[in-house]
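Observations on the model geometry
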Number of protein chains: 2
Amino acid sequence: MVKGPFPEFSSHYPLLLTTFMQRPIKTYPNEIGVVYRNHITCEYHRFTWIEWYKRTCRLANLLKAFNAKSGKPGKPGDRIATMALNTHRHLELYFAVPCIGATLHPINVRLAIDHITYTINHSGDKIIFVDDVLLPLLESAYDKIKDTVEKFVYMSDKPGLPNTKIENIYEYEELLSQQSDEFEWPYLNEDNYATLCYTTGTTGLPKGAMFTHRALYIFTLHMIAYTSFLNDPTHKALGENNVPMVTTPLFHIHAWGAPFIYTFLAVKMVLPGTFTVDGFCELVQTEKVTSVAVVPTILALLIEYPDIDKYDLSSLISVSVGGGALPLGLKKKVEKKIPGFTASSGYGMTETAPTTIRAFVKKYMRDWPKEKLDEVRVKTGLPMPGLEVEVVDENGNTVPHDSETIGEIVIRGPWVMEKYYKSPKKTADVWYDGWFHTGDLAYVDEEDFIVIADRIKDVIRSGAEMVPTVLLENLSAMADFVLEATVVGVPDEVWGEIPMALVKFVPNSNKVEKDLIDFLTTEGVDKGKITKWMLPKLVAIVDEIPRTSVGKFNKIAIREDLDQFLAKAKDMRKK
Amino acid sequence: MVKGPFPEFSSHYPLLLTTFMQRPIKTYPNEIGVVYRNHITCEYHRFTWIEWYKRTCRLANLLKAFNAKSGKPGKPGDRIATMALNTHRHLELYFAVPCIGATLHPINVRLAIDHITYTINHSGDKIIFVDDVLLPLLESAYDKIKDTVEKFVYMSDKPGLPNTKIENIYEYEELLSQQSDEFEWPYLNEDNYATLCYTTGTTGLPKGAMFTHRALYIFTLHMIAYTSFLNDPTHKALGENNVPMVTTPLFHIHAWGAPFIYTFLAVKMVLPGTFTVDGFCELVQTEKVTSVAVVPTILALLIEYPDIDKYDLSSLISVSVGGGALPLGLKKKVEKKIPGFTASSGYGMTETAPTTIRAFVKKYMRDWPKEKLDEVRVKTGLPMPGLEVEVVDENGNTVPHDSETIGEIVIRGPWVMEKYYKSPKKTADVWYDGWFHTGDLAYVDEEDFIVIADRIKDVIRSGAEMVPTVLLENLSAMADFVLEATVVGVPDEVWGEIPMALVKFVPNSNKVEKDLIDFLTTEGVDKGKITKWMLPKLVAIVDEIPRTSVGKFNKIAIREDLDQFLAKAKDMRKK
């Protein structure tokens, strides 16, 4: 008998992702936990929690057989990368890799190929697990990464390896079948790095944000506890009865927390491979999906889908929208199709795991009319409980909560990234004076809601004043004839820069450039939300606004192609 | 500009109770957060969150002025004790003391006076904060503790100090009024000891269980997240709209988590001083209380209260019962009075902060008939997610989940106490082989529910067999003519010990001893829940069963007074 105390099993019991796997296999071993639909073959793969867990144990044994080494505090384990869509295999990797002590690098396959090869070499990935549909992408990167990566594992629903120039490539399912389905998970140090997630690098090379088990554990607990705070009745109905479909790619900053949250909640997780409109509708109908979190673009694709009325989408009682303002015209259309629809905004970034600010209906607001509630739900929101979030001026002082004064959002707390991998200088650029600096601008209103105004690098300097482009974009999106709108700065000899709006109208709206300015004047200037000189001086009606790989407006691409848009623009200063 | 990284603000951001105070003052500063009703004067005291917070800041400044010193990992801060009921002041102490780095010792004022003085001297309390109604108790302990305690602070709704022999005594409200209502809370080490809670010492001297900020933070997060798992619709309706009344004393192991959970949830917390039936009913009606957690005794007092029908108790939609089996006769009576009534059991102890096992309705059970659901809700339950809980045999091996094999409950996890204060030997008695040993016996059923069978020290050894008394007690409580029942071992020359039941019948039930045995035979033996030889050999009908200070059956008192009960007992072996 070994006598205690045992701090490692009490006061220092490590906070590990491993814990999240225990609840589903103990509480619901024989319930379906993971549903994956191959978006090409349209075939379904269903796994009970214990089946999924045993596969994850096999994978852990495989990683050990591949000699994947554990890290320690301050030093990541071997980097194991994925080039994969939202499949059960990717979910297996999300747990097996970190829980043996190695570090998961989910490669963002929507990056430019140069950035993909950069992240692989910078990360020093030892093994890459690749989906069959992404093999061509890997092949195009191969020559530049083959000196870094030792092994490749090919993942497919079909048996056999394809013809490929890639050497040292193995077959996932075959390897798994050779391993034991039992595994003794180690009690790692909670400061072990679990994941390495690269930024999309819109302003330069991608940077690698590192997250420890502890950070992700605390993040997950707070995300789940947060639903206990919510006053929205749709959210209340969820909990264990939730059937979420994970449309956010698992290679985008932990799919906003989905793999950890839903595994711990032990709810049936629906994985669509990649988003397709028909796959989305079919999965909602077949699996009785109750909730999704999507970017506005997906909603636009959905309502344009001619066959949408053929599906029964009535199970869907919570549709949260993040990653951009929701245009009112789009919102109204979606509400007709999906009765349970709720728009609610959130704010986060790769460096913050990601969630930091979320829409929130305060309890004294809960009887407000729907229109007014919807306004609250898209006001970006309140800091996540457990984080410190401030909006500060250039001297680091908190700005007054007056709906006017714009400052930079700074954050600190237990799930904010400590440092970029191998980049002390880049780390020091964002971490100074005890705060992580987001580079995003916002004001704070009288009820303490934080409203995003702009990226620092996107802000338009017009004369001595600053034009907050995101504010203008969100305001434009409120017009029911606008499908999407963005605002960029255009060089101007007099003012330095002037704001140009790029706008896509609702089909057959019969509106013109002046209607946008009139709307912004009535709803913005007259109501005190913006000042007159902030109004766009140029308006270009376009068929499509360029977007980045994560669905945000791509202002770099717009600036690179500026002449094309200027040619379409109408100068609103001319009478 | 100081360049980062700053691990203390990111990956090692400390998990502190301080964080829980931030949400209410930021989200609902001007909403009523704390309501205290003086159970003697019947006067109400209402505080908005910001008012309560400012008082807590004043208290923190006072503690600093009193030179209360912070601790460090492995070494507690100055021990600051309370002899106090459930008041706003006690809640102020619950945050101000730990959040300046000192250690809170909430004295269990229901202990025997010798045990009270023992815990004060063992803890080495530097200051005691005492409620006016508890001053006589303090005075009776004074001579034995005055060499330990430096200062006393008298807390009362009325101004002025009473005549007392106690020296160095100050007035709480007067001291607070002299302090600033702003305080810069320190970023403590999360391993600082926040609380020191003594066991009730039924088997010897009380032992001091210590809890760090980290342990209580993780405990609270899991408790809140747990409500997201629940399938019970009554619980779903709560969240931020909950108005809990805290009837569990704050001097009983963190009042089951109430101060931390409800402050972080920022819900209106109703504090009744101490429990009285009229105060309870009045507070439910006045404050529209929605939830309470109580021991069965309180329910018995409530339904015997002749004026209960004069009150509107309709707001009360969740009544959870813990700390003992709920007799079916009592349950039926309460259901008539309180329609939203839910019985649900839980299990925990001082050393586990306290919650470790809780009733849980699995999702595939949610459409079961109410009777069957109620059975699930009182089956003790499932381990709290985030803890490891096992039932093991004498060799430390997990017992089969067969509803039969009894073993000891062992636990480990982030909110289990690491050690008793200044008692390495007692620590080693409970912590060995990597597990905390609870001393409680249970079996596990086929659906993995843990069912408490007995305390190891209370188990009856009859011949070569073991009679699990808690099982018998819970089964007896299922009879609708039983108000309460307990079972103890009585020395016997043949068998070593034989089981004797002490039972209190429902008034005017017209039942006799044999009816209990008949019931246990039909519902227990015939249904395979117990074996025939486990049936009580003696049955004593009593007016009252002795209880401990926390409302549990006091088997030590019964054994000390055994002759009196034996005189009342009928031998059921005689035909």
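Here the residue numbers are simple positions, counted from 1 along each chain's written sequence. To label them, take the chains in the order written and letter them from A, then take the ligands in the order written and number them from 1. Owing to the predicted nature of the model, reporting of local features is limited to residues with pLDDT of at least 70; listing and counting of side-chain atom pairs is limited to 80 or more, with chain, interface and lining totals taken over all residues.

We now examine the packing of helix α11 (residues 296–303) of chain B against helix α12 (residues 328–337) of chain B. Residue and element names in this part refer to chain B. Contact pair α11 / α12: the axes reach a minimum separation of 10 Å and the direction vectors enclose 55°. By the angle between their directions, the pair α11 and α12 is classed as oblique. For α11 against α12, the interelement crossing comes out left-handed. In contact with Pro296, Leu299, Ala300 and Ile303 of α11, α12 contributes Leu330, Lys333, Val334 and Lys337. Under the grouping applied here, Gly and all other residues not named as nonpolar or charged are polar, the nonpolar ones being Ala, Val, Leu, Ile, Met, Phe, Trp, Tyr, Cys and Pro and the charged ones Asp, Glu, Lys and Arg. Here the contact of α11 with α12 is composed, by residue class, of 6 nonpolar, no polar and 2 charged. Lines fitted to the C-alpha atoms define the axes, with helices restricted to the stretch that makes contact. Angles between their N-to-C directions range from 0 to 180 degrees. The secondary structure listing takes helices from DSSP runs of H or I that are at least 4 residues long and strands from runs of E that are at least 2 residues long, numbered from the N terminus. Any angle that is under 35 degrees is reported as roughly parallel, and any over 145 degrees as roughly antiparallel; angles of 65 to 115 degrees are reported as roughly perpendicular and all others as oblique. Each crossing is labelled by how the near helix is turned from the far one, with a counterclockwise turn of less than a right angle marking it left-handed and a clockwise turn marking it right-handed. Contact between two residues is assigned when their C-beta atoms, built from the backbone, lie within 7 Å.

Moving on: the interface of chain B and chain A. Across the boundary between the two partners, chain B contributes 54 residues, which contact 54 residues of chain A. In terms of residues, the side of chain B that touches chain A owes the most to one element, helix α7 (residues 213–229) of chain B, which gives 9 residues. A per-class count over the side of chain B that touches chain A returns 24 nonpolar, 16 polar and 14 charged.

So, about the sheet that holds strand β15 (residues 355–358) of chain B. All names here are of chain B. Here, any two strands with at least 2 DSSP bridges between them count as paired. Taking strand neighbours across the sheet as the criterion, the 3 strands line up as β14-β15-β16 in an open arrangement whose pairing is antiparallel. Whereas interior strands pair on both sides, the edge strands pair on one side only; in this sheet they are β14 (346–348) and β16 (382–383). Pairing between β15 and β16: 2 bridges, direction antiparallel. Its bridge partner lying in β16, Arg358 is registered against Leu382.

All names here are of chain B. Backbone torsion omega between Gly4 and Pro5 reads 15°, so that peptide bond is classified as cis. Along the chain, the position of Pro5 falls in the segment before α1 (18–27). Residues Ala353 and Pro354 are joined by a peptide bond in cis, for which omega reads 10°. Tracing the chain through its elements places Pro354 in the loop between β14 and β15.

Each nonpolar core consists of buried Ala, Val, Leu, Ile, Met, Phe, Trp, Tyr and Cys residues. Their C-beta atoms, within 7 Å, join them into a set. Field definition: a residue is buried when 20 or more other C-beta atoms are found within 10 Å of its C-beta, exposed when 12 or fewer are, and partly exposed for counts in between, with C-beta atoms placed from the backbone. With 348 residues, the main nonpolar core has Leu63, Val130 and Ala442 of chain A together with Leu63, Val130 and Ala442 of chain B as its most contacted residues. Once residues within four sequence positions are removed from consideration, Leu63 of chain B is found in contact with Ala68, Ile80, Ala96, Val97, Ile100 and Ala102 of chain B.

Next up on the list: the relation of the copies chain B and chain A. Least-squares fitting of one copy onto the other uses the C-alpha atoms of those residues that reach a pLDDT of at least 70 in both copies. Expressed as a screw transformation, the operator carrying chain B onto chain A has a rotation angle of 180° and an axial translation of 0.0 Å, and the superposed copies differ by an RMSD of 0.1 Å. The superposition of one copy onto the other is thereby described by a two-fold rotation axis. Closest approach to the rotation axis among the C-alpha atoms of chain B is made by Ala225 of chain B, whose C-alpha sits 2.1 Å away. When the interface residues of chain B are mapped onto chain A, 100% of them again fall at the interface, so both copies present the same face.

Two measures define how a pair of helices packs: the angle their axes make with one another and the distance between the axes. All names here are of chain B. For the pair α7 and helix α9 (residues 258–265), interaxial distance at closest approach is 9 Å and the crossing angle is 65°. The element α7 and its partner α9 pack so that their crossing is right-handed. For the pair α7 and α9, contact is made by Leu216, Thr220, Met223 and Ile224 and by Phe260, Ile261, Phe264 and Leu265, respectively. Along the lines of polarity and charge, the residues of the contact of α7 with α9 split into 7 nonpolar, 1 polar and no charged.

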